[in-house]
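Chain by chain, the residues:
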Amino acid sequence: MCAQAVVMFQPPACRPDRTVCQRNNMILLLLLLLYSSLKAAQAAKPKGSGHTHLNSIRIDGDISVGGLFPVHARGHDGKPCGELKKEKGIHRLEAMLFALDRINNDNNLLPNITLGARILDTCSRDTHALEQSLTFVQALIEKDGTDVKCLGGGAPIITKPERVVGVIGASSSSVSIMVANILRLFKIPQVSYASTAPELSDNTRYDFFSRVVPPDTYQAQAMVDIVKAMRWNYVSTVASEGNYGESGVDAFIQKSREDGGVCISQSVKIPREPKPGEFDKVIRRLRENPNARVVILFANEDDIRRLLQAAKKANQTGHFIWVGSDSWGSKISPVLHQEEMAEGAVTILPKRQSIKGFDRYFISRTLENNRRNIWFAEFWENNFNCKLSRHAVKKGSGLKKCTNQERIGKDSNYEQEGKVQFVIDAVYAMAHALHNMHQELCPGKVGLCAKMDPINGTHLLKHIRRLNFAGIAGNPVLFNENGDAPGRYEIYQYQIRNRTAEYKIIGHWTDQLHLNIRSMQWPGAVRQIPSSICSHPCQPGERKKIVKGIPCCWHCERCDNYQYQADTYTCKMCRFDLRPNENHTGCVPIPIVKLEWSSPWAVIPVLIAVAGIMATLFVMVTFIRYNDTPIVKASGRELSYVLLTGIFLCYATTFLMISTPDVGICSLRRIFLGLGMSISYAALLTKTNRIYRIFEQGTMSVSAPKFISPASQLVITFTLASVQLLGVCIWFGVDPSKAIIDYEDQRTSNPVLARGVLKCDISDLSLICLLGYSMLLMVTCTVYAIKTRGVPETFNEAKPIGFTMYTTCIIWLAFIPIFFGTSQSTEKLYIQTTTLTISVSLSASVSLGLLYMPKVYVVLFHPEQNVPKRTRSLKAVVTAATMSNKFNPKAGLRPNGEAKTELCESLETQSFSTKQTYISYSNHAI
């Protein structure tokens, strides 16, 4: 028996194009050194086709390739391996054996060169796979046996292991990453049939890694496209801890962010060694946001199965919509006995075809003809639920002894595993690369030549990357500069029809998604696509207020008042002359209103004005008709006509105030609104002032006051009225008249009620200024009316004028609070216009009724009273009036009721002429 051998290891040099070797190379070299020292004294084994070595399958050949397959699941409780994987393990392993048989029997591919293999079980664990894969590099370790002594003194026999020129595998991305770090140190090319982690596309770290399946970046893009096609925007992700799961989810999240429109609710990671209740905890996390029904799965087969079990336990059947990666694909084992839980699941799988030749090969496998597969006996027991050893059969266990007469596909269900095609393509890729390398280095030579002994891994890698051949299913097999295959996927949905569950192809993805949505069916045989959205779409006229950090979640806020929806996220104010439409998606012009002739607010003032104009015209016609009668003369014809003109203009103003505003109408409003009142009150002021001066002068002198003639009265009246005209002219010069649309006047809180008011540009302040002078005349006239209140009506019209002015003051005192108190009302236009016109008309009506209607009555119905009276001197008139007022206020009432007095001119004192001239006051009285 030999002593332990000392192993000398020389690490490979760094690549010439690299300036610095990676730090973890030293760690891997130390691991190799430790492993080699433990195995250096291993005894030699005889060669034979298909015998076992280190719990592996070894097939002799001229060139040997390695194989890594998850024959067993992860072990628990400290055990490296668990239960057997029939599909993912045995099917794929047999696919490699099937491919080797085909290649070795093909005279056109590697002629006269036998391809051998060393196949290992990774047990679905990256650490275990790393330990096993050290077998592939044993031949590259130089062993020095000079110091090794055998007990008998003989030289030690050290068996040199076969040299592995390339490795097929692994399945899991985490295993491939771990193994690739070792294989690249020894320049051993690696071709995977199932590892899809995006990390493996990094050609600077995994330069000797290639794969016949597309990376998860394509798969993630396909899954994002599926999610968007279903109009889902709020999803959760579940990943198995490790490169495959974490890289896949990261790729999905990255793609969803790049494309936009998809948000992640929860991102859950399943530990490598899940504790009891871990999957229940995952389900609870997923249920935190019930709106996120879609779950993106980048998990291994075992985790998927246990996750579905936990969801079923939580009574969530039909709630979650699973979107599984190629690790789920179309496998039966994850959904076995929990079909209802998986119903509606959408899965993705690299585009493949069932290989009929492999089906014939596999169902023909028996214990006798498949002894090279050391795990086939275990598969046989598992597949047929029997035991090969009679002693292993326990009573009551339900197991039977295997008869070796069982047949695959006949006595058990059989369906080809999804990655079989890719395993075969991976083996063929290695064979084609070796074939092309042989043709280049050994042209015309049979078998291997010196240039291929040993085989240069870097040269072999170049031939692998240059490949472009038709695979077992007819699809092209080729690689890009990173060793990735093009993305071609088939989309499946797990459906239950007539109590039969099956995976149904619903579409495919090659750079873009092609999905047959009509063929899809959801839990409960529902055809309508289930929703998985964070927030429902906002209604028209509502803006999205995004929840911070979650662009797919938002609150809908109504664009209220005068706002409209400018875009998805913004409300803007409508222009001042616009208001939002009914659903606040745009703006429409605000309706324009004005005081219509048919409005009740206009009808009443118009009726009053029409009646007033008719009455005024009637009085004027009567006065003209009886112009020379005593009563008309006593009324002061000239001022009477001026006053009647002012009253007429006051009534006519109503029509200007109601007419549709334009430049002309607005100009006429400015002129005549105050002019009619100014003329009226100027005439009345002239009258009252004249009466006051007559009686004030009469108490002191018999001479007549100045400026009491009709001409003087007219000059005074028109002078007073011209002040109004002068102010209006100045106003026109400073601010020309124009019609405007006031949108603020009726801009209510409810835009529906908003109106633009067509009006003249006369503000409330301007109106006060416009009427201010007329009101000044009115107040002054009232003062004089008060001062002449003691003059009896026997002599003049002071008292009717006084009553007129008192009534007028009351009218305008009532006008002011009504007019300005409604300035904030929505009916402001109507109320103020009606109040103003009625107030002006009432003022005119008071003057017309109190001053002229009694005279018209006498003229028309009592002509006998319309006769001339005798005249007296001024001194006599004033003295009589004063005494009458003191002792007998009602004495001397004349039967016709007129207030007529006489004035006597002064005698010419120089001539003391006997002739006296009497000037009748009738021509000067009111």
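Since this is a predicted model, take the numbers as computed values, not measurements.

### Description of the packing of helix 16 (residues 637-658) against helix 21 (residues 828-851)
Next, step 1: Where helix 16 contacts helix 21, the two axes come as close as 9 Å, and the packing angle between them is 160 degrees. Relative to helix 21, helix 16 is oriented roughly antiparallel. When you trace helix 16 past helix 21, the crossing you get is left-handed. Between helix 16 and helix 21, the contacting residues are L643, L644, I647, C650, Y651, T654 and M657 on the first element and T833, L836, T837, V840, S841, A844, S845, S847, L848 and L851 on the second.

### Focus: the sheet that holds strand 8 (residues 209-211)
Next, step 1: Spatial ordering of the open sheet is given by 1-5-2-6-7-8, a layout of six strands whose pairing is mixed. Either end of the sheet is taken by a strand with one partner, and the two such strands are strand 1 (57-59) and strand 8. Along the sheet, successive strands turn relative to each other by an average axial angle of 20 degrees, direction set aside.
Next, step 2: Pairing analysis gives four bridges linking strand 2 (residues 63-69) to strand 6 (residues 164-168), with the strands arranged parallel. Bridge pairing in strand 6 links V65 to G166.
Next, step 3: Lying over the sheet, helix 12 (residues 420-441) contacts strand 2, strand 5 (115-121), strand 6 and strand 7 (190-192), oriented at roughly 155 degrees with respect to strand 6.
Next, step 4: Its contacts with the sheet place helix 13 (residues 457-465) against strand 6, strand 7 and strand 8, and it is angled at close to 25 degrees to strand 8.

### Details of the environment of V427
Next, step 1: As for its position among the elements, V427 is in helix 12.
Next, step 2: Given a relative accessible area of 1%, V427 falls into the buried group.
Next, step 3: C-alpha separation for the pair V427 and G169, spaced 258 residues apart in sequence, amounts to 9.6 Å.
Next, step 4: Excluding anything up to four places from it in sequence, V427 contacts M96, A99, L100, I103 and I168.

### Brief notes about the pairing of strand 22 (residues 550-558)
Next, step 1: Both strand 21 (residues 542-547) and strand 22 contribute to a ladder of six bridges, which runs antiparallel. Looking across to strand 22, one finds that V547 is bridged to I550.
Next, step 2: Where strand 21 hands over to strand 22, the hairpin turn is made up of two residues, of which G549 adopts a positive phi near 85 degrees.

### Some thoughts on unusual backbone geometry
Next, step 1: Omega for the peptide link from G169 to A170 comes to 5 degrees, which places this bond in the cis form.
Next, step 2: Backbone torsion omega between D453 and P454 reads 0 degrees, so that peptide bond is classified as cis.
Next, step 3: Secondary-structure assignment places P454 in the loop between helix 12 and helix 13.
Next, step 4: Here N561, not a glycine, exhibits a phi torsion of approximately 50 degrees, which is positive.
Next, step 5: In this structure N561 comes out as partly exposed when scored by relative accessible area, which is 44%.

### Quick notes on the confidence of the model for the protein chain
Next, step 1: Looking at the protein chain as a whole, the pLDDT averages 82, with 83% of positions reaching at least 70.
Next, step 2: Between the elements of the protein chain, mean pLDDT differs from a low of 47, seen in helix 1 (residues 24-39), to a high of 97, seen in strand 7.
Next, step 3: This stretch, residues 1-24, has a pLDDT under 50; its non-local contacts, to residues over four places away or in other chains, come to 49 contacts.
Next, step 4: Note on residues 884-926: pLDDT under 50 across the span, and 91 contacts to partners over four residues away in sequence or across chains.

### Some thoughts on helix 5 (residues 216-229)
Next, step 1: Counted at 1.5 Å a residue, the expected span for helix 5 with its 14 residues is 20 Å, and the 19 Å between its end C-alpha atoms agrees.
Next, step 2: The buried fraction of helix 5 amounts to ten of the 14 residues, a majority that puts the element mostly inside the structure.
Next, step 3: Restricting attention to buried positions, one finds in helix 5 the residues D216, Q219, A220, Q221, A222, M223, V224, D225, I226 and V227.
Next, step 4: After helix 5 finishes, the residue R231 shows a positive phi value of roughly 60 degrees.

What counts and how
- Residues numbered from 1 in each chain as written.
- Predicted model: local features only at pLDDT ≥ 70, side-chain atom pairs only at ≥ 80, totals over all residues.
- Heavy atoms only, no water.
- Axes fitted to C-alpha atoms, helices over the stretch in contact; angles between N-to-C directions.
- Helix = DSSP H or I, 4+ residues; strand = E, 2+ residues; numbered from the N terminus.
- Parallel < 35°, antiparallel > 145°, perpendicular 65-115°, else oblique.
- Left-handed = near helix turned anticlockwise from the far one by under 90°.
- Contact = heavy atoms within 4.5 Å.
- Pairing = 2+ DSSP bridges.
- Buried < 20%, exposed > 50% of the residue type's maximum accessible area, 1.4 Å probe, protein only.
- pLDDT = per-residue confidence, 0-100.
- Expected span 1.5 Å × (residues − 1).

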